Structures are given as structure tokens and as C-alpha cells.
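Residue strings, one per chain:
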Amino acid sequence: MKFDFEKAQMNVVPLFGGTSTEIIPDPLETLLLETEIILSEEKKLAGPSLPVVTAQQFPDQSMFVLDQQLSHLKESVNRIKFYLLDLDDLLPK
């Protein structure tokens, strides 16, 4: 049985301050909305995927493509590390 908090009427008396009815935004909900916005912007910016090395390419061409893929991978790993450091700062110890 699920309890729907949005539809339930609750009588809550504030401890500090008046009886104004302020709606406090849910932090998790705002974080999820921000994540959706960021992901949609990244999809727009991503564009076409990186080329793939084939056996028909010359060695110079394949090394150039592999170098591009490696730099993209390093950027992605650095971004993940950055987000993990932020997450580590937010978690209680």
C-alpha cells in the first residue's frame, strides 16, 4: 500500500516564524531536473560520434583517430573524477 503525500492533508505548525504557507522545493527533485537539463544540452553538443579506425586506413590516419579517441576518453575520465570529488564533499563522514 502506497501513501500519497501530495494528496494527503497534513496539519503542520511551524516551530519558528509565522504561519505562512511556503512551499519548500524538494532538493532531490531539483537535482534531477538540473541533471535532465544538463543531459539534454550534452546530447545537443555531442554531435556525431568519433570515427572508428579501420584496416584500410594508413597508419598515420589511424594514429590520428586513435589520438583523438584517447583525448576524448581522458576528458571523460577527468569529468567523472570531478563529479566524484563533488559527491565526496557532499556525503557526510
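Structural notes, computed from the coordinates.

What counts and what doesn't
Residues numbered from 1 in each chain as written. Predicted model: local features only at pLDDT ≥ 70, side-chain atom pairs only at ≥ 80, totals over all residues. Heavy atoms only, no water. Helix = DSSP H or I, 4+ residues; strand = E, 2+ residues; numbered from the N terminus. Areas by Shrake-Rupley, 256 points an atom, 1.4 Å probe, with all protein chains shown as cover. Patch = residues over 30% accessible without salt bridge, like charges linked within 9 Å, V, L, I, M, F, W, Y side chains within 5 Å. Salt bridge = Lys/Arg side-chain N within 4 Å of Asp/Glu carboxyl O. Contact = heavy atoms within 4.5 Å. Polar contact = N/O pair within 3.5 Å; in protein donor to acceptor, adjacent residues only side chain to side chain. Buried < 20%, exposed > 50% of the residue type's maximum accessible area, 1.4 Å probe, protein only.

Attention now goes to the overall build of the chain. For the chain, the count of helices and strands is two helices and zero strands. Split by element, the accessible area of the chain, about 9,700 Å² in all, is 64% carbon and sulfur.

Right, let's get into a nonpolar patch on the surface. Taken together, the side chains of I80, L84, L87 and L91 define a hydrophobic patch exposed on the protein surface, amounting to about 380 Å² of accessible area. As for its placement among the helices and strands, I80 is situated in helix α2 (residues 59-90).

Among the structural elements, S62 can be located in helix α2. When sequence neighbours within four positions are dropped, the list of residues in contact with S62 reads V53 and Q57.

This brings us to the environment of Q57. Assignment of secondary structure puts Q57 in the loop between α1 (27-46) and α2. The residues touching Q57, leaving out its near neighbours within four places in the chain, are V52 and S62. At 3.4 Å, the side chain of Q57 forms a polar contact with the backbone nitrogen of T54.

Relative to the assigned elements, Q69 resides in helix α2. In this structure Q69 comes out as partly exposed when scored by relative accessible area, which is 26%. Between the C-alpha atom of Q69 and that of P51, which follows or precedes it by 18 residues, the distance is 8.4 Å.

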